[in-house]
Amino acid sequence: MTGQTVAEVVGATLAGLGADHAFGVVGSGNFHVTNALVAHGVRFVATRHESGAATAADAYARVSGRAAVVTVHQGCGLTNAMTGIAEAAKSRTPMLVLAAEPAATALRSNFRVDQDALARAVGAVSDRIHGAESAVADTARAWYLATRESRTVLLNLPLDVQAAPAEATACPGAPTVHRPRASDEAVAALADLLTHAERPVFIAGRGALDARAELEALAAACGALLATSAVARGMFAGSDWNLDVSGGFATPLAAELIGAADVVVAWGASLNMWTTRHGRLVDSGAKVVQVDLDPAALGAHHRVDVGITGDVRHSADAVTAALPGETAGYRTDLVRARLGAEGRWRDVAYDDEGDASHIDPRTVSILLDDLLPRERVVAVDSGNFMGYPSMFLSVPDHRGFCFTQAFQSVGLGLASALGAALATPGRLPVAACGDGGFLMGIAELDTVRRLGLGMLIVVYNDNAYGAEVHHFGPGGHPLSTVVFPDTDLAAIARGHGCAAVTVRRPEDLAAVAAWAVGPREVPMVVDVKVAAGRPSWWLEEAFRGH
Ligand SMILES: Cc1ncc(C[n+]2csc(CCOP(=O)(O)OP(=O)(O)O)c2C)c(N)n1
């Protein structure tokens, strides 16, 4: 076809490669490329801030399993998106960021910054549309890198190159890539370990999300209990042998059972400080095995006795086939009974710390868990509060939980829920935020409302940066920099056109129950005035990581 520009060809090529959602803020520099995406059937979501665009795209990719596109204006559009890009890059989210760029000759452009350096600085890969002749190949190269190697890729589009005439030539195809299987020796070694294991535990991470059936079959054959890293939460939902999350969020029972394991196998999980409570969770005498596609991941965070390079699904299948027979392992009647009685955080007794004007964050989380539909997707911001929704709200499967915490940034929760909602139509999206994170990311409340998403936004409101208050308060430090006067978040939300309620007591949740039955045409913001007398149980673990 003739009469097209490079910008149009890039948009058309991306649509042809399979991009289906793009998130962004449109300025003059990315106007044409974004319109080309839309013209070729890509759904474009106009966020109100580029950080929200990058974060929503990241969440969309995680929850849908499909790469997402971000489109931003040159310079300041990109710098605004950097926190979300950093989170995505650290999480190896397949994401393509289309960023306009001043022409190479525009040395004095106000928008000029070193965009390549920005990407590199946060672990993203930077590439560029070099010219009209290579536009299709450049686009395809960036897309394949993002999708096949799970990378976050910045594709710079210089303005002069964008405006050049170009032809939409055929896109170079991608070869079918077969993922490597574990070697026969590795399979035999793991089968032998599991055959002799008395108390094996599997910890599955994001690299195992497509392997639930294979891991459950192997675990059943060798009597292993099933846990996940936080980002893979929900993967074993419904199993009698599910320990839920390993690490700082683990229930006392899960921590006890993982601690008593004699063999721990990490499947596509990095065994980082969160998953292992800084190495204290796994017994020093336990054999630790790690299976990962990436050899560099093996032993990177935690001691590993046996490191196995390979795809989780095929490797698990091969180990199952190599077992000489079935063993009961850790799956005793006693363990089953204890998991039934104390396997969830809500089973753990606590003293309710609510008073006339504040509700205990555990109590409100349990009540919400009961009144919300099971088909839900929960996205969590960062802060002291984050353990409550992460552990007290159950999720139906791994697509029901979105945890953008690789950069540990406050303020990503609402935009994460936005992307997760678009990836799971029909599910109730739940954004769980602290007041600090909610107010930091509030620009996307307009987006959520505008898109007509029936999202529940729960704000654990302590009028403070609670994490800092609880960390520094006991030391007698002045706290005026981290506490705030009461903010009427419900009034702010109503101003955005949302339904809203202030919750101080259990009975205040009646408004949420009424909204939850439907039709949920507008988002509901729940300003929960939480009792904040003490830190959450996992905060100490969090500050160990600083
Ligand atoms: C972008 C960013 N700025 C600052 C921090 C440091 N920080 C960690 S937790 C926190 C407080 C968050 O407050 P809020 O969202 O109200 O949650 P709470 O801790 O009160 O539960 C801050 C400021 C951070 N992690 N990310």
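Preceding this section is the structure that the text describes.
The text that follows walks through the structure, step by step, so that each part is easy to find. Not measured: the values here are computed from a predicted model.

**Topic: unusual backbone geometry**
In step 1: In this chain, Gly518 is followed by Pro519 through a cis amide linkage whose omega measures 10°.
In step 2: You can see Pro519 is positioned in the loop between α20 (510–516) and β20 (524–529).
In step 3: One non-glycine residue, Asp244, lies in the positive phi region at around 70°.
In step 4: Among the secondary structure elements, Asp244 is positioned in strand β11 (residues 242–245).
In step 5: The residue Asn463 is not glycine, and still its phi comes out positive at about 55°.
In step 6: You can see Asn463 is positioned in the loop between β18 (456–461) and α18 (466–472).

**Notes on the pattern of salt bridges**
Close approach of charged atoms allows side chains of opposite charge to pair.
In step 1: As enumerated under the stated definition, the model contains 31 salt bridges in all.
In step 2: For Glu256, the salt bridge identified is with Arg338, shortest N-O distance 2.7 Å. Residue Glu256 is found in helix α10 (residues 252–259), and its partner Arg338 is found in helix α12 (residues 333–342); the two are separated by 82 residues along the sequence.
In step 3: By relative accessible area, Glu256 is classed as partly exposed at 42%.
In step 4: Put simply, Arg376 and Asp369 hold a salt bridge, and the shortest N to O gap is 2.6 Å. Comparing Arg376 with Asp369 shows no difference in burial state: the two are buried.
In step 5: The structure contains a network of salt bridges with shared partners spanning Arg179, Asp210, Glu214, Asp311 and Arg313.

**Details of the sheet that holds strand β16 (residues 401–402)**
In step 1: Strand order in the open sheet formed by 6 strands is β16-β15-β17-β18-β20-β19, and the pairing between neighbours is parallel. Only two strands of the sheet have a single neighbouring strand rather than two, namely β16 and β19 (499–503).
In step 2: Relative to β20, β18 runs parallel, the two being bridged by 6 bridges. Following the sheet pairing, Ile457 is matched in β20 by Val525.

**Some thoughts on the side chain of Ser382**
In step 1: Here Ser382 is to be found in the loop between β15 (376–380) and α14 (387–392).
In step 2: Looking at Ser382, its side chain comes within polar contact range of the side chain of Gln405, at 3.0 Å.
In step 3: Dropping the residues within four chain positions of it, Ser382 is found in contact with Gln405, Gln408, Ser409 and Val410.

**Examining the pairing of strand β3 (residues 43–46)**
In step 1: In this structure, strand β2 (residues 21–24) lies alongside β3, joined through 4 bridges in parallel fashion. For Phe23, the partnering residue across the bridge sits in β3 and is Val45.
In step 2: The parallel pair β2 and β3 is bridged by helix α2 (residues 31–39), and the resulting crossover is right-handed.

Rules behind the numbers
- As a convention, each chain's residues are numbered from 1 in the sequence order in which they are written.
- Reporting in this predicted model follows two pLDDT cut-offs: at least 70 for local features of residues, and 80 or more for side-chain atom pairs to be given and counted; totals over whole chains, interfaces and linings ignore these cut-offs and use all residues.
- Side-chain metrics in this entry use all non-hydrogen atoms of the structure; hydrogen atoms and water are not considered.
- Counting from the N terminus, the helices are DSSP H or I runs at least four residues long and the strands are E runs at least two residues long.
- Only one rule defines a salt bridge in this text: a Lys or Arg side-chain nitrogen within 4 Å of an Asp or Glu carboxyl oxygen.
- Only protein chains enter the calculation, and the probe is 1.4 Å; a residue is then buried if its accessible area is under 20% of its type maximum, exposed if over 50%, and partly exposed in between.
- Two strands qualify as a pair provided that DSSP identifies no fewer than 2 bridges between them.
- Between N or O atoms, a polar contact is any pair within 3.5 Å; within protein, one atom must be a potential hydrogen donor and the other a potential acceptor, and residues adjacent in sequence are included only when both atoms are from side chains.
- Two residues form a contact once any of their heavy atoms are found within 4.5 Å.
- With its strands directed away from the observer, a crossover is right-handed exactly when the path from the first strand over the helix to the second travels clockwise.

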